[in-house]
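The lines below spell out each chain.
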Amino acid sequence: MKENKPATSNSRQKWSHMTPNSTFKVSIDRITIIADYLTQKFDRIARDTFLKLPFIVESGDGFKVIDNSTELVNEGDNQLVEQVAYINVPRFQENKIRIDFNPNHSMDSEAGKWLLDFIANLESKHFTRCDIAFDIFNYEDAKNYRVWNFGQSQNLYFDRNLRLETAYFGAPSSKKQIRMYNKLIEQKRRHKNVPFNIENWWRLELQLRGKSIDAYPYEVKNMLANYYYPEWQSVENPSHKAIVYAMCHEPSIYSTVSKSTQKRWRRIFQASEKHNELALALAEVFVENLRSIDYQLHDIFNRFDVEI
């Protein structure tokens, strides 16, 4: 995929938190296809064949395809490996299988070649989901951004110094989950070299469901609409400022108050100024690179005879 265009010089003039080294890139992170496959046959072949392969392991209600050509990196009780794909039987869909995979990673490995051959031989395949990844380089304020959708679940994970590492917005079963994590830390844990000019690196992943690629700009814009952080310092009323500050820094407080108080706090919170220049920049980069994303998706679909 072609290198993405950075924010323009005009954008840098109006977005004060940008630096000359701030760069944003967008790519396809993962696609999902559904194919016809007899469930009983899949269960039998999975047990008798899949699990005998060195790059397939049982996971949850399905199987992970991993790149076993790379050295495993131990992180506590976990081993960090490159996941090539995940294969399972979709819930409530008999005689179907679902394959989630990243077309940009490990396709030349033994596991990747097996996966591509497996997909090529499936029948009645159709595309159901595309995950888009934004890489955010040298934009310090990214760590302060959250997705503020009241009523939506969020899970935040911090390091020992209470610095955010990973955030999930929306339940895994929801149609549109957003994930944000510190990519720089992840790369260092995998013992991968990071270019010297990268001071911080965050990744934002959006799940886009639906078969119409033309609708993706609207979906991305809609998902980024609530991606910001409130400028609590700009709130003039001291009590309102305290409420906005508390909801930003200790969101669990919100669930402890009455429904009427929640409604009043939401109104105060949503009326505060929003720092959303990163969201605007990412939406712009996505639109600028839509043609290359569209080309890559259609190349994958044509190569494996996948219906759109």
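Rules used in this analysis
- Residue numbers restart at each chain and count upward from 1, following the sequence in its written direction.
- Local features in this predicted model are restricted to residues of pLDDT 70 or higher, and side-chain atom pairs are both shown and tallied only at a pLDDT of 80 or more, whereas totals for entire chains, interfaces and linings draw on every residue.
- Working from all heavy atoms in the structure, the side-chain values ignore hydrogens and water.
- Only DSSP runs of H or I covering at least 4 residues are called helices, and only runs of E covering at least 2 are called strands; the numbering of each starts at the N terminus.
- Relative accessible area decides the class of each residue, using a 1.4 Å probe on protein chains only: under 20% of the type maximum gives buried, over 50% gives exposed, and in between gives partly exposed.
- We call two residues contacting when some pair of their heavy atoms lies within 4.5 Å.
- One bridge is not enough; two strands pair if DSSP finds at least two bridges between them.
- Here the axes come from fitting lines to C-alpha atoms, over the contacting stretch only for helices, and the angles between their N-to-C directions go from 0 to 180 degrees.
- Polar contacts here mean pairs of N or O atoms no more than 3.5 Å apart (in protein, one a potential hydrogen donor and the other a potential acceptor; neighbouring residues in sequence count only if both atoms are side-chain atoms).
- Buriedness for pockets is judged along seven lines, at least five of which must meet protein on both sides within 12 Å for an open set on the 1 Å grid over protein atoms alone, while cavities are sets there where a 1.4 Å probe fits but cannot get out, and lining residues have an atom within 4 Å of a point.
- Grid points are joined across faces, edges and corners, and a volume is the space filled by probe spheres set on the points.
- Gly is put with the polar residues, along with every residue not named as nonpolar or charged; the nonpolar set is Ala, Val, Leu, Ile, Met, Phe, Trp, Tyr, Cys and Pro, and the charged set is Asp, Glu, Lys and Arg.
- For classification purposes, an angle smaller than 35 degrees is called roughly parallel, one larger than 145 roughly antiparallel, one from 65 to 115 roughly perpendicular, and anything else oblique.
- In this text, buried Ala, Val, Leu, Ile, Met, Phe, Trp, Tyr and Cys residues form a nonpolar core when linked through side-chain atoms within 4.5 Å.

### Considering the overall build of the chain
Okay, so step 1: Across its full length, the chain carries nine helices and 15 strands.
Okay, so step 2: For the chain, with 308 residues in total, the buried portion stands at 45%.
Okay, so step 3: Here the contacts in the chain between residues at least 6 apart in sequence split such that 65% fall between residues at least 24 apart.

### Regarding the sheet that holds strand S1 (residues 23-36)
Okay, so step 1: Strand order in this open sheet of ten strands is S2-S3-S6-S7-S1-S8-S13-S12-S11-S10, and the pairing throughout is antiparallel. Each edge of the open sheet carries a strand with a single partner, namely strand S2 (56-59) and strand S10 (154-158). Within the sheet, the average angular offset between the axes of one strand and its neighbour, ignoring direction, is 20°.
Okay, so step 2: Across twelve bridges, the pairing between S1 and strand S8 (residues 123-137) is antiparallel. Opposite Phe 24, over in S8, you have Ile 136 as the bridge partner.
Okay, so step 3: Across the face of the sheet, helix H9 (residues 290-303) comes into contact with S1, strand S7 (96-101) and S8 while running at roughly 25° to S1.

### A short note on the side chain of Ser 109
Okay, so step 1: Looking at the element boundaries, Ser 109 is found in the loop between S7 and helix H3 (110-120).
Okay, so step 2: In terms of polar contacts, Ser 109 uses its side chain to reach the backbone carbonyl oxygen of Ser 106, at 2.6 Å.
Okay, so step 3: At a separation of 3.1 Å, a polar atom in the side chain of Ser 109 contacts the main-chain amide nitrogen of Gly 112.

### Section: the layout of surface pockets
The method is simple in principle: a probe with the dimensions of a water molecule rolls over the atoms, and the space it marks as empty is what remains.
Okay, so step 1: Quantified by volume, the second largest pocket comes out at close to 830 Å³.
Okay, so step 2: Forming the walls of the second largest pocket are 30 residues, and the residues nearest its centre are Lys 143, Asn 144, Arg 146, Phe 158 and Leu 164.
Okay, so step 3: Broken down by secondary-structure element, the contributors of at least two residues to the lining of the second largest pocket are S10, strand S11 (164-169), helix H4 (183-189), strand S13 (201-209), strand S14 (227-230) and helix H6 (238-249).
Okay, so step 4: Class assignment for the residues of the lining of the second largest pocket results in 14 nonpolar, seven polar and nine charged.

### Describing the packing of H6 against helix H7 (residues 259-271)
Okay, so step 1: Orientation of H6 relative to H7, taken along the N-to-C sense of each, is 95°, at an axis distance of 9 Å. On the basis of their axis angle, the class for H6 and H7 is roughly perpendicular. Residue-level inspection shows His 240, Ile 243, Val 244, Met 247 and Cys 248 of H6 in contact with H7, the latter providing Arg 264, Trp 265, Ile 268 and Phe 269.
Okay, so step 2: Residues belonging to the contact of H6 with H7 are distributed by class as follows: seven nonpolar, one polar and one charged.

### Brief notes about the nonpolar core
Okay, so step 1: Within the largest apolar cluster, 68 residues are counted, with the highest numbers of intra-cluster contacts made by Ile 99, Ile 136, Leu 204 and Tyr 227.
Okay, so step 2: In this structure, Val 235, Ile 243, Met 247 and Phe 269 belong to the second largest nonpolar core, which totals ten residues.

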